Amino acid sequence: MKLKYTAAWVGLTAAATVAATACGADGAETAAETADKAVERAADSAAGKADTIMAALSRATDRTEELGSAEVRTTTDLGTGDPIAMDGTYSWGDGYALDVEMDTEAVRMQDLTDSPTVRTLFVDGAYYYDIDPQPAGPLAGKEWIRIDGSAVFGESGAAAMSGGGGGSPVDSLKGLKYASDVEDLGAETVNGKPTTHYRAVLDQGDLGTFKEALRGADSLLNSTAGGGSITMDIWVDAKDLPVRLQQDFGTMEVTMDFDKFGATKEIVAPPAGQTGDLTEEVKDAGTQQG
């Protein structure tokens, strides 16, 4: 909210006024009262502006939640210089789900498929990866890999995600109301659309409250925020819908560009007979690394 900077600036200005106009005790008292009132007006103005920003962000969150799904282009930069792109559908109307295409080489799955992209699903609390049928092993003849969300986020994090708490774009937007620092950065054109650019920062205290609201998704937020702060930039159009959402988690940055809201197809899990489950292998590998 930058309130302390606004108040400091007004205080310095008022001090200069006191020095220039004081002609005695009565004059100094009047100037001091003027300074106090100036600081109060600055505080009221900053608080009012913050309320206006939070109202705009709340409208964007409510409108996004109402529409239930979107076609999204997502880029995740892990700080390694090799961003991972995901294009497809996110759904949050009845639990969190996604159906996206990911760059095969970026996610290091070129040994499992000759396709340049890997179709990836998250549905019913599990990830599914479309692969070429393998000649041997647990994936022999299978066209999909299944990995339960608990192997990635732990039991509580997986439960929160499958219940619509912490994974979808709308859950990220819900985090905005816990921010202690918000700014209106003005009008910008994004993806050819006129938008208003807002920024919100969630510090460690804000994140603690956010975790409680996400019903146990501590492991999810800890893995992304690294115990630090999250900076969220959101560009909102005239229909109160996000055009772009960018989240900075320390060295990781996630950018989502929203192309279309609602009216997306239902996301369903692949047939069990075509799926090889690697959940335990992933859990064992995590235990060994830990």
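The present account deals with the structure reproduced in this document. Worth saying up front: this structure is predicted, and the values here are computed from it rather than measured.

With mixed pairing, 12 strands are arranged side by side in an open sheet as E7-E8-E9-E10-E11-E1-E2-E3-E4-E5-E6-E12. With partners counted over all chains shown, the strands left at the sheet margins are strand E7 (181-190) and strand E12 (275-277), one partner each. Strand-to-strand twist of the sheet, defined as the mean angle between neighbouring strand axes without regard to direction, takes the value 20°.

Another aspect to go through is the side chain of Gln246. As for its placement among the helices and strands, Gln246 is situated in strand E10 (residues 242-249). Not counting residues up to four positions away in its chain, the partners in contact with Gln246 are Thr231, Met232, Asp233, Trp235, Glu253, Val254 and Thr255.

Turning to the packing of aromatic side chains, a few remarks are in order. Applying the stated criterion across every chain yields a total of 4 aromatic pairs. On the basis of an interplanar angle of 35° and a centroid distance of 5.3 Å, the ring pair of Tyr96 and Phe122 is categorised as tilted. Linking Tyr96 in the loop between strand E2 (84-91) and strand E3 (97-103) with Phe122 in strand E4 (residues 117-123), this pair joins segments that are 26 residues apart in sequence. Owing to a relative accessible area of 6%, Tyr96 belongs among the buried residues under this scheme.

Inspection of every chain in the model, using the stated rule, returns 10 salt bridges. Among the ionic pairs, Arg146 bridges to Asp277, the shortest N-O distance being 2.9 Å. In this pair, Arg146 is assigned in strand E6 (residues 144-148) and Asp277 in strand E12, connecting sequence segments 131 residues apart. Put simply, Arg73, Arg244, Asp257 and Asp259 are held in one network by salt bridges that share partners.

Parameters at a glance
- Residues numbered from 1 in each chain as written.
- Predicted model: local features only at pLDDT ≥ 70, side-chain atom pairs only at ≥ 80, totals over all residues.
- Heavy atoms only, no water.
- Pairing = 2+ DSSP bridges.
- Helix = DSSP H or I, 4+ residues; strand = E, 2+ residues; numbered from the N terminus.
- Axes fitted to C-alpha atoms, helices over the stretch in contact; angles between N-to-C directions.
- Contact = heavy atoms within 4.5 Å.
- Phe/Tyr/Trp six-rings, centres within 6.5 Å; stacked < 30°, edge-to-face > 60°.
- Buried < 20%, exposed > 50% of the residue type's maximum accessible area, 1.4 Å probe, protein only.
- Salt bridge = Lys/Arg side-chain N within 4 Å of Asp/Glu carboxyl O.

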